[in-house]
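Summary of structural features
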Amino acid sequence: MAKDFLLMQKEELQNRNFGLDLVRCLAILMVLTCHSLLAFYDIPPLKAITAYLGILGVDLFFVLSGFLIGTILIKIHYKENVTTFKSVKSFWIRRWFRTLPNYFLVFIIYLVFFKAYSLYIPYHKLLLYVVFLQNSFSRNQWFYGIAWSLSVEEWFYLLFPLGILFFQRVIFKGKMKVIATTIFCFLVACLCIRIFVSLNMHNDWDEGFRKQMPFRLDSIAIGVLAALVKFHKQDFWVTYKNKIALVGACLFILLSVVLYFSVLKNAVVYANFFMNTFYFTLMSVAMAMFLPFAWSLKAAKFKLFKYAVTMISILSYSVYLIHPIFSYLIPYYFHGRLNPAIMLVMLWVLTFAASYLIYNLFEKRVTALRDSFSYKNEPAAA
């Protein structure tokens, strides 16, 4: 049995794109570093740095998710003369089998955890968590707060394919035109919403703009745009990957400086017009420009490093959902009794151990069931 399990694990690690796994690995480590350091160290300069890591880690997840999901949707769209609702339905089933079981499992864990420790549970909003609307019309709650980004992801998975179905009926010809028009509508709609709210309402930057679902769908759409460029301009994608990454790095550094001085340095609650609006679009573009370079990365000579990166990438979804519980529990029991560095190590070890169990005992097994309810030969993302 142990030998069969190891063989299955080995097969699972093969045929993956190392560069994209590395991007996902960096994203989850940035988020985990942010939340774990904030739990143990009350140092103002460190708070700014760790907040920076958390903000960019989630944005990186959005762009990468858009690229991977966009790759699948583009292949589905080009596979048929006309994209059918049946194909879109199969796509939804496969996405939901991948994301919803873990989401609701951890949701139940949060309910039990908050009840056991007499923490506030927003019972009046629990139904909104079920349909991913908890951060659509109001501020994000501390309860299952990490799930705000899942709301953005799930609504994008639902709405973007509907956009494809709609525009192929309106435009009729040109498959690339259908995808490009759908992307354009998401970019313009989200930007216009942010501009309108910034000019007419007094919303704070983090909870009001960064974490509300209708404002952030365009970040994932920019990842889809990167997938469209790769699909149609493969030579450009490969030939100019280093130059594209260099331009992206310059834009990324510039926006990071603006983010630090506009929001993070003085813990600004209400940011300026640029940070409320165009910043999110441009930062997502900067991150998307690293994807051609990441796509080409190899790690054949560093097998242990490759294995570690791939495993962290595979466990990243479970890590993302479960780690805030340990960020609360360890300080609760050990604050003042153990060195913060030791508690930090405990948090990481427990988080990855719990994520490994969730993945192997639940997530992977439930995900495998999707073949019984959808097309088995859906195009692969990478």
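Everything that follows concerns the structure shown earlier in this document.
Residues numbered from 1 in each chain as written. Predicted model: local features only at pLDDT ≥ 70, side-chain atom pairs only at ≥ 80, totals over all residues. Heavy atoms only, no water.

For the rest of this paragraph, the subject is the overall build of the protein. Each helix and strand in the protein was counted, giving 16 helices and zero strands. Relative to the 2.2 N^0.38 estimate, which gives 21 Å for 382 residues, the radius of gyration of the protein is 21 Å and therefore close to what a compact globule would have. With the principal axes as the frame, the protein shows a C-alpha extent of 65 × 60 × 45 Å. Counting the 382 residues in the protein, one finds 52% classified as buried. Long-range pairs, those at least 24 residues apart, make up 79% of the contacts in the protein with a sequence separation of at least 6. (Helix = DSSP H or I, 4+ residues; strand = E, 2+ residues; numbered from the N terminus. Rg over C-alpha atoms; globule rule 2.2 N^0.38 Å. Buried < 20%, exposed > 50% of the residue type's maximum accessible area, 1.4 Å probe, protein only. Contact = heavy atoms within 4.5 Å.)

Here the focus is helix α7 (residues 175-200). The end-to-end C-alpha separation of α7 is 38 Å, in line with the 38 Å expected for 26 residues at 1.5 Å each. Residues Val178, Ile179, Thr182, Ile183, Phe186, Cys190, Leu191, Arg194, Val197 and Ser198 constitute the buried set of α7. (Expected span 1.5 Å × (residues − 1).)

Look at Phe132: it is not a glycine, yet its phi comes out positive at around 60°. Mapped onto the elements, Phe132 comes out in the loop between α5 (126-130) and α6 (148-171). Within the chain, Ala267 stands out as a residue other than glycine whose phi angle is a positive 50°. Along the chain, Ala267 falls in the loop between α11 (241-264) and α12 (273-276). Looking at Ala267, the relative accessible area reads 59%, which means it is exposed.

As a further point, take the packing of aromatic side chains. Applying the stated criterion across every chain yields a total of 45 aromatic pairs. Relative to Phe305, the ring of Phe18 lies with its centre 6.0 Å away and its plane at 65°, an arrangement referred to as edge-to-face. Here Phe18, found in helix α2 (residues 18-40), pairs with Phe305, found in helix α15 (residues 303-334); they are 287 residues apart in sequence, far enough to count as distant. Between the aromatic rings of Phe114 and Phe143, the centroid separation amounts to 5.0 Å while the plane-to-plane angle is 85°, which identifies the pairing as edge-to-face. Taken together, the residues span a long stretch of sequence, with Phe114 in helix α4 (residues 85-116) and Phe143 in the loop between α5 and α6 at a distance of 29 residues. (Phe/Tyr/Trp six-rings, centres within 6.5 Å; stacked < 30°, edge-to-face > 60°.)

Together, Leu199, Phe273, Phe278 and Leu282 give the surface a local cluster of nonpolar side chains, amounting to about 350 Å² of exposed area. Tracing the chain through its elements places Leu282 in helix α13 (residues 278-288). On the basis of relative accessible area, Leu282 is assigned to the partly exposed category, the value being 32%. (Patch = residues over 30% accessible without salt bridge, like charges linked within 9 Å, V, L, I, M, F, W, Y side chains within 5 Å. Areas by Shrake-Rupley, 256 points an atom, 1.4 Å probe, with all protein chains shown as cover. Salt bridge = Lys/Arg side-chain N within 4 Å of Asp/Glu carboxyl O.)

The next thing to look at is α13. Think of an α-helix as turning once every 3.6 residues; residues three or four places apart then point the same way. Of all the 11 residues making up α13, eight are buried; the element is thus mostly covered by neighbouring parts of the structure. Within the span of α13, buried status applies to Tyr279, Phe280, Thr281, Met283, Ser284, Ala286, Met287 and Ala288.

Right, let's get into the packing of α6 against helix α9 (residues 213-232). Here α6 crosses α9 at 65°, and the two axes come no closer than 9 Å. Considering how the two elements wind past one another, α6 and α9 form a crossing that is right-handed. On the side of α6, the interface is formed by Trp148, Ser151, Val152, Glu153, Trp155, Phe156, Leu159 and Phe160, while α9 contributes Met213, Arg216, Leu217, Ile220, Ala221 and Val224. Taken together, the residues that form the contact of α6 with α9 break down as 11 nonpolar, one polar and two charged. (Axes fitted to C-alpha atoms, helices over the stretch in contact; angles between N-to-C directions. Left-handed = near helix turned anticlockwise from the far one by under 90°. Nonpolar A, V, L, I, M, F, W, Y, C, P; charged D, E, K, R; others polar.)

The next point concerns the pattern of salt bridges. Inspection of the entire model under this criterion finds 10 salt bridges. Notably, a salt bridge pairs Arg24 with Asp21, separated by 3.2 Å at the nearest N-O pair. Linking Arg24 with Asp21, this pair stays in helix α2, spanning three residues, or about one helical turn. The exposure class assigned to Asp21 is buried, which follows from its relative accessible area of 2%. In this structure, Arg98 and Glu363 form a salt bridge, with 2.6 Å as the shortest nitrogen-oxygen distance. Note that Arg98 is positioned in helix α4 and Glu363 in helix α16 (residues 340-368), a separation of 265 residues in sequence. Three or more residues are tied together by salt bridges with common partners; here these are Asp206, Glu207, Arg210 and Lys211.

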